[in-house]
Amino acid sequence: MKILIIKLGTLGDVIISTAIIKQIIKHHNNDNITLLTTPSFENLFSNFNKLKTVSFSRKGILNTVKAIRWIRKQG
């Protein structure tokens with residue numbers, strides 16, 4: 001199963017979500033889990049085992065379109 005977690009919020013929201021993300025990883029240990037976040041938060045999740053991180057900037061319509069295109073390509 002593929003699981004996409006989208007977390008593009010502010011620093012406080014991202015930090016609060018880390019416990020939930022850890023539980024998702026624990027529960028879906030054999031699944032493909034990807035986190036979509038901003039470049040500034042990507043390093044916060046670098047030590048999470050079995051979590052692939054992808055980052056896109058939130059600024060500008062072009063970056064939004066790039067993120068949407070990436071999501072659609074993932075199926």
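Refer to the structure printed above.
Here the structure is a predicted model, which means the values were calculated and not measured. (Residues numbered from 1 in each chain as written. Predicted model: local features only at pLDDT ≥ 70, side-chain atom pairs only at ≥ 80, totals over all residues. Heavy atoms only, no water.)

Turning our eyes to something else, we now look at the sheet that holds strand S2 (residues 32-37). Sheets are built from strands paired through backbone hydrogen bonds, the pairs being either parallel or antiparallel. The three strands are arranged S1-S2-S3 in an open sheet whose pairing can be described as parallel. Either end of the sheet is taken by a strand with one partner, and the two such strands are strand S1 (2-6) and strand S3 (51-55). Sheet twist, expressed as the average angle between the axes of neighbouring strands with direction ignored, equals 25°. Direction of pairing for S1 relative to S2: parallel, over a ladder of five bridges. Looking at S2, one finds that Lys2 is bridged to Asn32. (Pairing = 2+ DSSP bridges. Helix = DSSP H or I, 4+ residues; strand = E, 2+ residues; numbered from the N terminus. Axes fitted to C-alpha atoms, helices over the stretch in contact; angles between N-to-C directions.)

For the rest of this paragraph, the subject is the side chain of Thr38. Tracing the chain through its elements places Thr38 in the loop between S2 and helix H2 (39-42). Filtering out sequence-adjacent residues up to four positions away, Thr38 remains in contact with Lys7, Leu8, Ser55, Phe56 and Arg58. (Contact = heavy atoms within 4.5 Å.)

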